[in-house]
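So you can see what is in the structure, the chains are spelled out below.
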Amino acid sequence: MTDSSLPILIQQMLQPSFYPHPVTEPIQLIQTHISFILLTGDYAYKVKKSVNFEFLDFSSLTNRQHFCQEELRLNQPLAPKFYLEVLPISQVGDRFQLGEETNIVESTLKMCQFPQDNLLITLFEQGKLTLEHLTQLGKKVALFHLNAPSNDYIRQFGEIPKIRQAIEQNYNQTAQYIGFVQTQQQYEETKQFTDKFFKENESLFQSRIAQNWIRECHGDLHLKNMFLWQDEVMLFDRIEFNEEFRFVDVMYDIGFTVMDLDARGRSDLSCQFLNTYIEQTGDWEGLQILPFYLCRQAYVRGKVNSMMLDESEISSDKKQEIQKEAALYYQLAWQYTQQKLGRIIMMSGLSGSGKSTVAKQLARRLNGIQIRSDAVRKQLGKIPLNERGTEALYTAEMTQNTYKRLLDLGLILAKQGFTVILDAKYDQQQLRETVIKQCEFDQLPLNILECVAPMEILRSRLQQRKGDITDATVDLLESQQQASEVFTEAEKAYVTSIDTTQDIAAQLDQFSHVL
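Residues numbered from 1 in each chain as written. Predicted model: local features only at pLDDT ≥ 70, side-chain atom pairs only at ≥ 80, totals over all residues. Heavy atoms only, no water.

Looking at an unreviewed UniProt entry, the protein carries the name gluconokinase, with the source organism given as Limnoraphis robusta CCNP1315. Annotation of the protein in UniProt includes, under Catalytic activity (unreviewed entry), the sentence "D-gluconate + ATP = 6-phospho-D-gluconate + ADP + H(+)". (UniProt positions renumbered as here; feature names shortened; annotations may be inferred.)

Pasting the structure below:
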């Protein structure tokens, strides 16, 4: 039975006779605060609601037609097999017709329908979203961002007045929900955080513009807007209705994904995504601004859920669910404002000793940032991560520059409250001493994690290694071993050894307890 509270057009679109092709019954309806989506089997149809918020205006037919075309234009490059065409809807008497060009009263975006089980949010809810999926997603988004256009017009959206205007709009639009889905304290402290961030980080915002990290991004990059198709992660539903949501810092964009996974209690997955993405782009400095955007994205999800509570056509049971979600997101936004104690963990060990494997597992446990020397070296050398480096990449000068940048990045991020894992051999006392002295000077907690394994195991691992960014080969092991310098008595106070031939997880359990 069709819900009589729905618009007449949507009621008719729920009937099989509306369509010129076979449908799968019953036709399913999905609603957001701005759209109706009809799932008919082979195809999905999106109709924009006639609404006008401060951040979008779909109140006129002309605007809805325009933004249907914009949505098609922006999303076809991301998912070309799925975004098909914009079709008119006409009205004859009390009946609506799809595809007729006379007396047009609405537009609809026609898409190929993919199984809802393929959505990343569905895979997550079914326990099927894996670390490998998040690794693939990190690489996919990094490539998308690195190729995303930027120009003077787009970069102006990174200016503080533009960003502040949108942030203030969020607070103004949600003040009415205080005491209902968020507390007065959360509201005030969240706002104080963003006000303070603007005041104290003007140079950071300017550097993001100067370094060309304000680009034409996605704008709504959470799990409901990604799906798996033929083992490839695809992005869809890119924001079309507001340039301020799409012309953004790349950290704004990935902030949605990180926040979405955090909100669902899976910081291990968000960490896998984030570290993969950052390694691919080399934008480690961008992490300084990420907490600001994490707070913003969580708050926006709270706002969107709050606004849905005002819609009369949504059932009371559904509204209870929405209210709980809104409260969760407001709480998360507030949590992102809380200052954390940063620290540095220095890896140590020969090639093949399992440093990166251990560092990756540790990062997921501690929600840490893993910075691999292999990635830093290739970023400095301006060569693709999957391309083998020449001798010029491994000169003494380049090695010195690599370790300097490792430390510089580690200090920048640890001072911002991140746990930073410096993933390199650190086989020389001088390299280790530089890190120790700097951490002592800045009063940053420091640990050294030494990875060890027998030489025959190291040789075997290097011989079998495939698909990794490191260029280390088995013929380097002997020289590495000879050049390696043992820990001094002073250094040993920081050192924990991990035998990577044994249960790594159990050893990391013990290590985590001493942090």
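We are not done yet, so read on.
Taking strand neighbours across the sheet as the criterion, the five strands line up as E14-E15-E13-E16-E17 in an open arrangement whose pairing is parallel. Each having just a single partner strand, strand E14 (369-372) and strand E17 (495-499) make up the two edges of the open sheet. Across the sheet, the mean angle separating the axes of adjacent strands is 20 degrees when strand polarity is ignored. Strands strand E13 (343-348), strand E16 (446-452) and E17 of the sheet are contacted by helix H21 (residues 504-514), whose axis makes an angle of about 165 degrees with E17. (Pairing = 2+ DSSP bridges. Helix = DSSP H or I, 4+ residues; strand = E, 2+ residues; numbered from the N terminus. Axes fitted to C-alpha atoms, helices over the stretch in contact; angles between N-to-C directions. Contact = heavy atoms within 4.5 Å.)

Looking now at the side chain of Gln370. Assignment of secondary structure puts Gln370 in strand E14. The buried category is assigned to Gln370, whose relative accessible area is 6%. Of the polar contacts made by the side chain of Gln370, one reaches the backbone oxygen of Ser356; its length is 3.5 Å. (Buried < 20%, exposed > 50% of the residue type's maximum accessible area, 1.4 Å probe, protein only. Polar contact = N/O pair within 3.5 Å; in protein donor to acceptor, adjacent residues only side chain to side chain.)

Glancing now at the pairing of strand E1 (residues 28-31). Sheet analysis places E1 next to strand E2 (residues 35-39), joined by four bridges and oriented antiparallel. Within E2, the position partnered with Leu29 by the bridge is Leu38. Counted along the chain from E1 to the antiparallel partner E2, the turn is three residues long.

This paragraph deals with empty space enclosed by the protein. Take a probe with the size of a water molecule and roll it over the atoms, and the empty space left behind shows itself. According to the stated counting rule, one finds two cavities of 30 Å³ or more in the structure shown. Elements with a minimum of two residues in the lining of the largest cavity: helix H6 (160-174), strand E12 (247-249) and helix H12 (290-308). Among the elements that take part in the lining of the largest cavity, H6 stands out by supplying four residues, more than any other. Grouping the constituent residues of the lining of the largest cavity by class yields nine nonpolar, one polar and four charged. Looking at the second largest cavity, its volume works out to about 40 Å³. In terms of lining residues, the second largest cavity is bounded by Ile167, Asn170, Tyr171, Thr190, Thr194, Cys295, Arg296 and Tyr299. When residues of the lining of the second largest cavity are traced back to their parent elements, those giving at least two are H6, helix H7 (184-200) and H12. Taken together, the residues of the lining of the second largest cavity break down into four nonpolar, three polar and one charged. (1 Å grid on protein atoms, 1.4 Å probe; cavity = no way out; pocket = protein on both sides within 12 Å on 5 of 7 lines; lining within 4 Å. Points joined across faces, edges and corners; volume = space filled by probe spheres on them. Nonpolar A, V, L, I, M, F, W, Y, C, P; charged D, E, K, R; others polar.)

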